[in-house]
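Coordinate inspection notes
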Amino acid sequence: MNNKTVRQLSHYLELGGVILLFIFSLGIVLPSPLPTILNIASYGILFLLIVARFKHFAYVVTRDKLLLLLVAFTVISVLWSVDEFVLDSARGMIRTTMFGAYLATRYSSREQMRLLCWVFSIAIALSLVAGALLPSYGAHVVNGVLSWRGVFAHKQELGRLMSLAAPLFLINALEKRDRWLSLAGLVGAFILLRLSHSATGLLTFIFALSLLPFYIIVKQNKYRLLPLAVGLLISFIAVIVVTLNIQTIVVDYLGKDMEFNGRTPIWNLVVKKGLEKPFFGYGYHGFWSSDAGDYVLARTWLGDYDEPGKIVDSGKKKAGGIAHNGFLDLFVQLGFVGLILFTLNLIMLSARVFLLLFTTRSIEYFWIIIFIGINLVTNISDSLTILESNNIFWIVYVAVAMTTALELSRLRRKQKQIKYSENLTVTA
């Protein structure tokens, strides 16, 4: 084989490895022993990908030092975690973080968007086939309603992913990138979102749509303020309408109660027990394995019990052990230290993205804003996606955090070079 053929083969093998790692991170339900095999193989694949670009990788992971500090603190917290599986969870989290860093090393923000389109397309195609042809696998009954779950364990997982996929396909369709793939993906994502009957996924999708008026900002220059004003006005009105009608939306349309399906009692108890260890928390994945987690489980619908305070099956806490609010889960795991570290990192990431967006007017940074918003909504109303292993939200978060740090640094260097050249010209 000549050098060109070897390079092409290497490229396709690398791309195949990346797609496989992405698919593994989606949490697709597979028959045993495939999950175990893929789990072991994922470490080898990631090792080979990183080794090939180790110097660049080592440089990239240091571009966001606050994120690196957060991950390091999470790893250290295993020392006071009582979860018997904490080492496995920590290894998985480190692998997931390193995969996100690898994506930042290898692909630009625009290339990452295209990768995600292909990954979501695969997930949509598999879920449509599973729901239509294998209903015992692709659907289940939740609260008396038949809901599609596709190739995932629960309808909420399918809804959460589709609420992330649909805005990405819509943006690509508006930009006329891979237009037919984007339109097909958008239709497929919306169909699955409706068939899943995921209220959280639907609300998240509506939230993403409410940000689309800001698309005008990207396309207009700073002197055309009318479209910007209209876009801001529409978004402001949408927020006001939703706020004033939140009870109607939640109770009448979505069929929920104002305690958000019993979430608020859980949140109150989690905060109460979290404040008993406010600074460092119960350690990574440690809260729901502790006596404090048992206390919450025994007094809410998360746990199975015959009488208040007595758990029948303590193994249930592995399945029910989430606060249904990602920031509360982060707080009880890592305390105020971890919560503050993540919040500061999120603020810095948002500032970078907005600066890049208004400087370059590139649509990929608008997509990142939508992703950040969806990630926030997901953690407020549903489950933890922060510092979680095999979680595509955490992979993308790490990737965009490090990629935007790199791209902002390059942009500033370029601006300095232009300014230096202009000064030389004036001097001459």
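Scroll up for the structure.
All figures in this text were calculated on a predicted structure; none of them were measured in a lab.

Parameters at a glance
- Residues numbered from 1 in each chain as written.
- Predicted model: local features only at pLDDT ≥ 70, side-chain atom pairs only at ≥ 80, totals over all residues.
- Heavy atoms only, no water.
- Helix = DSSP H or I, 4+ residues; strand = E, 2+ residues; numbered from the N terminus.
- Expected span 1.5 Å × (residues − 1).
- Buried < 20%, exposed > 50% of the residue type's maximum accessible area, 1.4 Å probe, protein only.
- Salt bridge = Lys/Arg side-chain N within 4 Å of Asp/Glu carboxyl O.
- Core = buried A, V, L, I, M, F, W, Y, C linked by side-chain atoms within 4.5 Å.
- Contact = heavy atoms within 4.5 Å.
- 1 Å grid on protein atoms, 1.4 Å probe; cavity = no way out; pocket = protein on both sides within 12 Å on 5 of 7 lines; lining within 4 Å.
- Points joined across faces, edges and corners; volume = space filled by probe spheres on them.
- Nonpolar A, V, L, I, M, F, W, Y, C, P; charged D, E, K, R; others polar.
- Phe/Tyr/Trp six-rings, centres within 6.5 Å; stacked < 30°, edge-to-face > 60°.
- Polar contact = N/O pair within 3.5 Å; in protein donor to acceptor, adjacent residues only side chain to side chain.
- Pairing = 2+ DSSP bridges.
- Lys, Arg positive; Asp, Glu negative; His and termini not counted.

A word on helix α5 (residues 86-106). Taking 1.5 Å as the rise per residue, α5 with 21 residues should run 30 Å; its terminal C-alpha atoms sit 30 Å apart, in good agreement. Counting buried positions along α5 yields 15 of 21 residues, so the element is predominantly enclosed.

Right, let's get into the pattern of salt bridges. On inspection of all chains with the given rule, the structure shows six salt bridges. Two residues, Asp88 and Arg91, come together in a salt bridge whose shortest N-O distance is 2.2 Å. Residue Asp88 and its partner Arg91 are both found in helix α5; the two are separated by three residues, about one turn of the helix. With a relative accessible area of 44%, Asp88 lands in the partly exposed category. Classification of Arg91 by relative accessible area gives partly exposed; the value is 44%. Across the pair Arg110 and Glu364 runs a salt bridge whose closest N-O atoms are separated by 3.1 Å. Pair noted here: Arg110 is in helix α6 (residues 109-133) and Glu364 is in helix α18 (residues 363-381), with a separation of 254 residues, a long-range link. One connected set of salt bridges, linked through shared partners, spans Glu14, Arg53 and Arg106.

This next bit is on the nonpolar core. Generally speaking, soluble globular proteins have nonpolar side chains that are buried together. In this structure, Phe22, Leu103, Trp367, Leu387, Ile392 and Trp394 are the most contacted members of the largest nonpolar core, which totals 114 residues. Ignoring any residue separated from it by four or fewer positions in sequence, one finds Ile392 in contact with Phe22, Ser25, Leu26, Leu116, Val119, Phe120 and Leu161.

According to the stated counting rule, one finds four cavities of 30 Å³ or more in the structure shown. Around the largest cavity sit Leu21, Phe24, Ser25, Ser42, Leu46, Arg95, Thr96, Phe99, Asn390 and Ile395, which together line it. For the lining of the largest cavity, the secondary-structure elements that each account for two or more residues are α1 (3-25), α2 (34-51) and α5. Grouping the amino acids of the lining of the largest cavity by side-chain chemistry returns five nonpolar, four polar and one charged.

Attention now goes to the packing of aromatic side chains. According to the stated counting rule, one finds 13 aromatic pairs in the structure shown. Centre to centre, the rings of Phe22 and Phe99 are 5.2 Å apart; their planes meet at 70 degrees, and the pair counts as edge-to-face. In this pair, Phe22 is assigned in helix α1 and Phe99 in helix α5, connecting sequence segments 77 residues apart. According to the relative accessible area criterion, Phe22 is buried, its value standing at 2%. Classification of Phe99 by relative accessible area gives buried; the value is 4%. Ring centres of Phe287 and Trp288 lie 4.9 Å apart, and the angle between their planes is 85 degrees; on these two criteria the pair is classed as edge-to-face. Trp288 shares its class with Phe287; the two are buried.

Considering the arrangement of structural elements, one finds Asn325 in the loop between α16 (316-320) and α17 (326-360). Asn325 gets classed as buried once you look at its relative accessible area, which sits at 11%. Among the polar contacts made by the side chain of Asn325, one reaches the main-chain amide nitrogen of Leu328 at a distance of 3.1 Å.

Moving on, we come to the pairing of strand β1 (residues 139-142). Across four bridges, β1 lies against strand β2 (residues 145-148) in antiparallel orientation. Its bridge partner being in β2, Ala139 is matched across the sheet by Trp148. Remark: two residues form the turn of the hairpin made by β1 and β2, two consecutive strands paired antiparallel; Asn143 in that turn has positive phi of roughly 55 degrees.

As for its placement among the helices and strands, Glu388 is situated in the loop between α18 and α19 (392-427). Despite its burial, Glu388 pairs with no opposite charge; the closest candidate is Arg160, at 9.4 Å N-O. Side chain to side chain, Glu388 and His285 meet in a polar contact 3.0 Å long. Those residues in contact with Glu388, other than ones at most four positions away along the chain, are Thr96, Tyr284, His285 and Trp394.

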